Amino acid sequence: MSHALRYAVNCSILFTELPLLERPAAARRAGFGAVEFWWPFAEAVPSDTDADAFVTAIEDAGVQLAGLNFFAGDMPGGDRGLVSWPKRSGEFRDNIDATIGIGERLGCPAFNALYGNRVDDQTAADQDELAVENLGLAARAAARIGGTVLIEPVSGADRYPLRTAADALAVIDRVQAAYDVPNVGLLADLYHLAVNGDDVDRVIAGHADRIAHVQIADAPGRNEPGTGSLPLDRQLADLENQGYAGWVGLEYKPSTTTDESFGWLPRERRPATA
């Protein structure tokens, strides 16, 4: 392995053999010191009991929460965020404090705000204007705890408008210009970018300083590294050489059991400290 970047297990897509609250401890048993999650609740504002149970599961496992998504709607049903969705914008705004509150309790540094699909009853321009406003609010809330809001290009969702790094960076530029918030960065999922036809090497060479979080899966298939043809190890080394020192989220679908899918990664490379 040609880099020293640290890995975090995405416990929303890995360890799905287990109940959600058991997954942080499973990641720890597998040798990892950090995890990340999509929004782990069915609603935008969980009950205090549910939020406390999630926080306790992370703390008891002894792992770092490296990343947390804002509420994104019904992901299995096709939703990809509420940021630009006028009818559900209020839910996103209600979710901001809930997300940042959990992040503050767990020392989480990064919060992924999925942009949202295009909707038929609004113009793209109106959706984009709303997104800038909502992302500005989220960034100001995250700044209170030293956190960063992430903007992610996504594949496999035809109505999701951010497909390339350039698409996401344009949104980031608009938010920073409107709200003077430096804590908005690119989530570079090397799988999504590659599948969407982006030039990943060019993104790394030209924009590494704007990448605030990285995720990986191999392609085709979105399975663990080594099952496809993406040059992930070399690209991670390039990112490190360009100055990136953040987390690498393992956001892949295991081709076998979760534990067996970690065979590509030596156990000594799994802790939160390189």
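That block above? That's the structure.
Nothing here was measured: the structure is a model prediction, and the numbers come from that model.

1. A look at the overall build of the protein
Phase 1 of the analysis: When helices and strands are tallied, the protein shows nine helices and eight strands.
Phase 2 of the analysis: Taking the principal axes of the C-alpha coordinates as reference, the protein spans close to 50 × 45 × 35 Å.
Phase 3 of the analysis: Out of the 274 residues belonging to the protein, those deemed buried represent 55%.
Phase 4 of the analysis: Considering only contacts within the protein whose residues lie at least 6 apart along the sequence, 77% involve residues at least 24 apart.
Phase 5 of the analysis: For the protein, the computed accessible surface area is about 11,100 Å², with 47% contributed by carbon and sulfur atoms.
Phase 6 of the analysis: Of the charged side chains in the protein, 23 are positive and 40 negative; the average position of the first set lies 1 Å away from that of the second.

2. Focus on helix 2 (residues 48-61)
Phase 1 of the analysis: Given a rise of 1.5 Å per residue, 14 residues ought to cover 20 Å, and the 20 Å separating the end C-alpha atoms of helix 2 matches this to within 8%.
Phase 2 of the analysis: Residues of helix 2 that are buried: Ala 51, Phe 54, Val 55, Ala 57, Ile 58 and Ala 61. Angular distribution of buried residues about the axis of helix 2 spans 150 degrees; they occupy a single face of the element. Helix 2 presents Asp 48, Thr 49 and Asp 60 as exposed residues on the side facing more than 90 degrees away from its buried surface.
Phase 3 of the analysis: Those residues of helix 2 that are buried lie in contact with helix 1 (23-29), strand 2 (34-37), strand 3 (64-69) and helix 3 (89-106).
Phase 4 of the analysis: The positive-phi residue at the C-terminal boundary of helix 2 is Gly 62, with phi of around 75 degrees.

3. So, the packing of aromatic side chains
Phase 1 of the analysis: Tallying each qualifying case throughout the model produces eight aromatic pairs.
Phase 2 of the analysis: Three or more aromatic residues joined by ring pairs form one cluster here, namely Phe 37, Trp 39, Phe 41 and Phe 54.
Phase 3 of the analysis: Of note, Arg 6 hangs over the ring of Trp 247, and the distance from its end group to the ring centre comes to 3.9 Å.
Phase 4 of the analysis: A cation sits over an aromatic face here: Arg 88 above Trp 85, 5.1 Å from the ring centre.

4. Regarding the pattern of salt bridges
Phase 1 of the analysis: Inspection of the entire model under this criterion finds 13 salt bridges.
Phase 2 of the analysis: A salt bridge links Arg 105 to Asp 52; the shortest N-O distance between them is 2.9 Å. In this pair, Arg 105 is assigned in helix 3 and Asp 52 in helix 2, connecting sequence segments 53 residues apart.
Phase 3 of the analysis: Relative accessible area serves as the criterion here: at 45%, Arg 105 is assigned to the partly exposed category.
Phase 4 of the analysis: Its salt-bridge partner being Asp 121, residue Lys 87 comes within 3.4 Å of it at the nearest N-O pair. Residue Lys 87 is found in the loop between strand 3 and helix 3, and its partner Asp 121 is found in the loop between strand 4 (110-112) and helix 4 (124-143); the two are separated by 34 residues along the sequence.
Phase 5 of the analysis: For Lys 87, a relative accessible area of 68% puts it in the exposed group.
Phase 6 of the analysis: A network of salt bridges, in which partner residues are shared, links Asp 79, Arg 88 and Glu 91.

5. So, the packing of helix 3 against helix 4
Phase 1 of the analysis: Closest axis-to-axis distance for the helix 3/helix 4 pair is 10 Å, and the angle between their directions is 15 degrees. Accordingly, the angle class assigned to the pair helix 3 and helix 4 is roughly parallel. The two elements helix 3 and helix 4 meet at a crossing, and its hand is right-handed. Judged by residue contacts, Ser 89, Phe 92, Arg 93, Ile 96 and Ile 100 of helix 3 engage Leu 130, Glu 133, Asn 134, Leu 137, Ala 138, Ala 141 and Ala 142 from helix 4.
Phase 2 of the analysis: Here the contact of helix 3 with helix 4 is built from residues that sort into eight nonpolar, two polar and two charged.

6. Notes on the state of the cysteines
Phase 1 of the analysis: Enumeration over the complete set of coordinates arrives at zero disulfides.
Phase 2 of the analysis: Cys 108 supplies the cysteine sulfur nearest to Cys 11, a cysteine that is in no disulfide, at a spacing of 13 Å.
Phase 3 of the analysis: By relative accessible area, Cys 11 is classed as buried at 0%.
Phase 4 of the analysis: Residue Cys 108 is classed as buried on the basis of its relative accessible area of 3%.

7. Focus: the sheet that holds strand 1 (residues 6-10)
Phase 1 of the analysis: Taking strand neighbours around the barrel as the criterion, the eight strands line up as 1-2-3-4-5-6-7-8 in a closed arrangement whose pairing is parallel. Taken over all neighbouring pairs, the strand axes of this sheet differ in orientation by 30 degrees on average, direction set aside.
Phase 2 of the analysis: Here strand 3 pairs with strand 4 via two bridges, running parallel. Considered in strand 4, the bridge of Leu 68 is made with Phe 111.

About the thresholds
- Residues numbered from 1 in each chain as written.
- Predicted model: local features only at pLDDT ≥ 70, side-chain atom pairs only at ≥ 80, totals over all residues.
- Heavy atoms only, no water.
- Helix = DSSP H or I, 4+ residues; strand = E, 2+ residues; numbered from the N terminus.
- Buried < 20%, exposed > 50% of the residue type's maximum accessible area, 1.4 Å probe, protein only.
- Contact = heavy atoms within 4.5 Å.
- Areas by Shrake-Rupley, 256 points an atom, 1.4 Å probe, with all protein chains shown as cover.
- Lys, Arg positive; Asp, Glu negative; His and termini not counted.
- Charge placed at Lys NZ, Arg CZ, Asp CG, Glu CD.
- Expected span 1.5 Å × (residues − 1).
- Arc of directions from axis to C-beta.
- Phe/Tyr/Trp six-rings, centres within 6.5 Å; stacked < 30°, edge-to-face > 60°.
- Lys NZ or Arg CZ within 6 Å of the ring centre and 35° of its normal.
- Salt bridge = Lys/Arg side-chain N within 4 Å of Asp/Glu carboxyl O.
- Axes fitted to C-alpha atoms, helices over the stretch in contact; angles between N-to-C directions.
- Parallel < 35°, antiparallel > 145°, perpendicular 65-115°, else oblique.
- Left-handed = near helix turned anticlockwise from the far one by under 90°.
- Nonpolar A, V, L, I, M, F, W, Y, C, P; charged D, E, K, R; others polar.
- Disulfide = S-S within 2.5 Å.
- Pairing = 2+ DSSP bridges.

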